[in-house]
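Examining the three-dimensional arrangement
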Amino acid sequence: MDGKNNYSFGIDGMTCASCVGRVEKALNAVSGVTSAEVNLAAETGRIQAEANLKAADVVAVLESTGYPARTSTVRLAIENMTCASCVGRVEKALLAVPGVVSASVNLANEQATVEVLGTDVSSKTIAQVGTDAGYPTRIISDDGPAEDTTARKAAESDHMRRMTLIAAALTAPVFLMEMGGHAIPAIHHWILATLGQTTSWGIQFILTTLVMVWPGRVFYLKGFPALFKGAPDMNALVAVGSGAAWAFSTVALFAPTFLPEGTRVVYFEAAAVIVTLILLGRSLEARAKGRTGEAIRKLMTLQAKSARVKRDGAFVELPVEEIVAGDVLQVRPGEKIPVDGVVTQGNSFVDESMITGEPVPVEKTADTKIVGGTVNGTGALTFEATHVGRDTMLSQIIRMVEDAQGAKLPIQGLVNRITLWFVPAVMAIAVLTFISWLVFGPSPTLGYALVAAVAVLIIACPCAMGLATPTSIMVGTGRAAELGVLFRQGDALQSLHDVRTVALDKTGTLTEGRPELTDMIASDGFAQTEVLQSVAALEASSEHPIAQAIVRKARLEGLELPDVAEFQSITGYGISGRVNGKTVLVGADRLMTRESVALDTAKTTGDALGHEGKTPLYVAIDGQLAAVIAVSDPIKQGTPEAISALHELGLTVAMITGDNKGTADAIARRLGIDTVVAEVLPDGKVSAIEQLAQEAGPIAFVGDGINDAPALARADVGIAIGTGTDVAIEAADVVLMSGDLAGVVNAINVSQRTMTNIRQNLFWAFSYNGLLIPVAAGVFYPLFGWLLSPALAAGAMALSSVFVLANALRLRWITPALPEHSTTETGKQAFVPAAAQ
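How each quantity is defined
Residues numbered from 1 in each chain as written. Predicted model: local features only at pLDDT ≥ 70, side-chain atom pairs only at ≥ 80, totals over all residues. Heavy atoms only, no water. Helix = DSSP H or I, 4+ residues; strand = E, 2+ residues; numbered from the N terminus. Buried < 20%, exposed > 50% of the residue type's maximum accessible area, 1.4 Å probe, protein only. Contact = heavy atoms within 4.5 Å. Areas by Shrake-Rupley, 256 points an atom, 1.4 Å probe, with all protein chains shown as cover. UniProt positions renumbered as here; feature names shortened; annotations may be inferred. Salt bridge = Lys/Arg side-chain N within 4 Å of Asp/Glu carboxyl O. Pairing = 2+ DSSP bridges. Axes fitted to C-alpha atoms, helices over the stretch in contact; angles between N-to-C directions. Phe/Tyr/Trp six-rings, centres within 6.5 Å; stacked < 30°, edge-to-face > 60°. Lys NZ or Arg CZ within 6 Å of the ring centre and 35° of its normal. Expected span 1.5 Å × (residues − 1). Arc of directions from axis to C-beta.

**Comments concerning the overall build of the protein chain**
A count of helices and strands for the protein chain gives 30 helices and 29 strands. Counting over 837 residues, the protein chain shows a buried share of 53%. Sequence-distant contacts, at least 24 apart, represent 69% of the contacts inside the protein chain between residues at least 6 apart. For the protein chain, the accessible area works out to roughly 35,000 Å², and carbon and sulfur atoms hold 57% of it.

**Observations concerning the UniProt feature "transmembrane region" (unreviewed entry) in the protein chain**
Here, the residues flagged by UniProt with the feature "transmembrane region" (unreviewed entry) are residues 163–184, 190–215, 236–259, 265–281, 418–440, 446–469, 762–781 and 787–809. Between the end C-alpha atoms of residues 265–281 there is a gap of 28 Å, over a span that is 82% helix and 0% strand.

**Let's talk about the pattern of salt bridges**
Evaluation of the coordinates by the stated rule reveals 13 salt bridges. For R479, the salt bridge is made with E482, and the minimal N-O distance between the two is 2.9 Å. On the criterion of helical spacing, the pair formed by R479 and E482 is a turn pair, its members being 3 residues apart in helix α16 (residues 463–482). Of the residues examined, R479 reaches a relative accessible area of 16% and is grouped as buried. For D589, the salt bridge is made with K603, and the minimal N-O distance between the two is 3.6 Å. Separated by 14 residues along the polypeptide, D589 in helix α21 (residues 589–594) and K603 in helix α22 (residues 602–611) bring together distant segments of the chain. By relative accessible area, which is 25% here, D589 ends up partly exposed. Its relative accessible area of 28% is what places K603 among the partly exposed residues.

**Observations regarding the sheet that holds strand β7 (residues 137–139)**
Taking strand neighbours across the sheet as the criterion, the 4 strands line up as β5-β6-β4-β7 in an open arrangement whose pairing is antiparallel. Where the open sheet ends on each side, the last strands, each with one partner, are β5 (100–106) and β7. Adjacent strand axes in the sheet meet at a mean angle of 25 degrees when their direction is disregarded. Across 7 bridges, strand β4 (residues 71–78) lies against strand β6 (residues 111–117) in antiparallel orientation. When the sheet's bridge partners are listed, S72 is paired in β6 with V116. Across the face of the sheet, helix α2 (residues 55–65) comes into contact with β4, β5 and β6 while running at roughly 110 degrees to β5.

**So, the packing of aromatic side chains**
According to the stated counting rule, one finds 10 aromatic pairs in the structure shown. With a centroid separation of 5.9 Å and an interplanar angle of 65 degrees, the aromatic rings of F205 and F268 are classed as edge-to-face. Remark: F268 occurs in helix α10 (residues 268–292) and F205 occurs in helix α7 (residues 197–213); sequence separation between them is 63 residues. Judged by relative accessible area, which is 19%, F205 ranks as buried. Taking the centre distance of 5.9 Å and the plane angle of 55 degrees together, the rings of Y448 and Y781 count as tilted. Pair noted here: Y448 is in helix α15 (residues 445–459) and Y781 is in helix α29 (residues 781–784), with a separation of 333 residues, a long-range link. Overall, the relative accessible area of 26% leaves Y781 in the partly exposed class. In textbook terms, an aromatic cluster arises when at least three aromatic residues are bridged by ring pairs, as seen for F205, W246, F254 and F268. Sitting over the face of the ring of Y573, R594 holds its NZ or CZ atom 5.1 Å from the ring centroid.

**Things to note about the sheet that holds strand β2 (residues 33–39)**
Backbone hydrogen bonds hold the strands of a sheet together, and the pairing may be parallel or antiparallel. Spatially, the 3 strands line up as an open sheet ordered β1-β3-β2, and their pairing is antiparallel. At either margin of the open sheet sits one strand with a lone partner, and together these are β1 (6–10) and β2. Averaged over all pairs of adjacent strands, the angle between strand axes in this sheet comes to 15 degrees, irrespective of strand direction. As judged from the 6 bridges shared by β2 and strand β3 (residues 44–49), these two strands associate in the antiparallel manner. In the strand pairing of β3, S35 is matched with Q48. Each of β1, β2 and β3 touches helix α1 (residues 17–28); the most contacted strand, β2, lies at about 160 degrees to it.

**Examining unusual backbone geometry**
Unlike most non-glycine residues, D312 shows phi in positive territory, near 55 degrees. With relative accessibility at 85%, the residue D312 sits in the exposed group.

**Concerning helix α8 (residues 217–228)**
Taking 1.5 Å per residue, 12 residues should reach 16 Å; α8 reaches 17 Å between its end C-alpha atoms and fits that length. Within α8, the full set of buried residues consists of F219, Y220, G223 and A226. Buried residues of α8, seen end-on, are gathered within an arc of 155 degrees and therefore sit on one face of the element. Seen from the open side of α8, the exposed residues pointing more than 90 degrees away from its buried face are L221 and F228. Just beyond α8, the residue with positive phi is G230, at close to 80 degrees.

Here it is, written out as structure tokens:
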């Protein structure tokens, strides 16, 4: 941003002058834009706008025109937020900054994600706005390792615990002297006989004042300024409620003549107990909130602290922060691999389960990739670092989890809109309650009015509302990461819960993604091993995937391949040659017919294999049929079980593939797939998804290839197989860290469990306030004599927040809906995001 009303930003997708014209026309049509200039060569746009311009409007119009604006993201750490109304105020302040497109504030992890138009909007300016709103804000840098807030959270929790203990120690005598005297007449008489009422009240005054100015001062230092600014929050409710009880009691003690006759009572115990119980609630919240980030901390513990790095011809121990790309490192048996790299020397098996979820160690030899955070086995490895710091796969996974945990689901928007006006509404209800008791209440009206009004203020603190959604998101997405499911887009957590159809690509998703020799039926008089050896020798010179599958099978069997003479490729039919002095033919049935080789019953066998979705081939040796072989892309282990589990969840399963219809139908029959769309190009997959969505509702698409990217982007939820291409992963909303379809079932299970948990929390939070505010106001006093004391109100308020947090933490124990099967092959790299290639 060059000036108050000038903005410059990148624009994608422009290819010619007509694109420039369309973009400029679209920008000039945005309300508040006074002029727009677009530069094709630099792929940038520059607008001059009025002060009331909404950056979100610029982004929206460019998106709809087909030329999306480049935005940047600023992540902020925000302190002193205590309730949902704080979240609303911070978001409102951040959205008011010129150039800010969107702002999402998370109460549970005390962070904000701000999207800005271009890169010219100062991060420092945005952070300062948050600080000016009363919530100290700092920028979270993307440089260096991911931030570990464990120590800070622990310090906050310890501080809150100390303050609670101090408040409890000071409050206990006050409570015993006042409430004990009411409950047990003997205590009341003893106090009057020894201390006297005035001295007793004086002691209560001193102790209560200490509670308020020492452990409870945070409520008044933050609450009253917020109230005077016209933006009251939870602290303001506590400050006004406890302050009113203390002020009334102080007047009753030192200036009783100012009060009406018969109203001289004190509520010091209410003020002290309110502060103490709310401090207790916050202490429990701080402890529980610290546990919601357990998944991030577990991921961070995977990061190595040091490594053996080659410097000046010798390997020396260095902190992992000093490693740069290109360094040569050495990993000894049992050590953590410090950064991503490529093996240059050595052989070992590496445990990648913490990254991929695959339980079987993966063999690593020269030229294979290794991942930082995984654990080396019994061998020694030397490797070259390719990605370090924030570019490693582990760091990217941590960032994905952080982004998902900080996301705001659509359901949270309603909560924030309600809580933004909730506190002012509660204060208005408290004032109305006070006046109503003064006018209609029994004697002493002033005492009843004060108790009811203070109880309303305390009972209505919207802590539980603010924590209901973000805590469940944090714990749910964290647990999903532990199960090998990464939510790249936070709102996918809610969208996935709503899907009715799961559409699957075939190659690489349902199947292994490469052909394998699956069947060999040798004719009488021919040994299977000899036939395989001859066929593999003939196919060894071909690069065709089917030929490679046959050769791979022979090598797995440990067969030596003999020399081939007179090799000939017969276009459209197959191949021929002489192996061990014998003429060998390999090809389709039409090759056998052409060469007058009798198929007899073998033709029936071949047709049956073809009906199963396999490619049948025939082998003839010296003019006699030697075998029928079949090559196919085998279905992944665990796929049938996963599809069955999806059906049990009440979902329709579809397959969308570019493969021929016969093969697709055969696989669908074997797996019980409901709908098949075959022989489609990439744009045809998009059309198929749109058609399925119209017929059956929200749809999730699962794919792994470059040609799946448009479909992944178009589906309501795109799920990328982690062993797939970077393009697919970048287009997806959810990434499975392994290639197993069990991850799809686990992702849906986590989504459903988390959304159920959120609804439980919201029901509790809103029901709690909806039911207890009338009780606190005394609505039921004329009928049942119900009147809620401020102390009980404070305890109930604290309990509601703790209940919501405890309920959210139950998500930590979600078990996999399906166990994952080991599919990782030797040296195969699972889930490598684009930046880590």
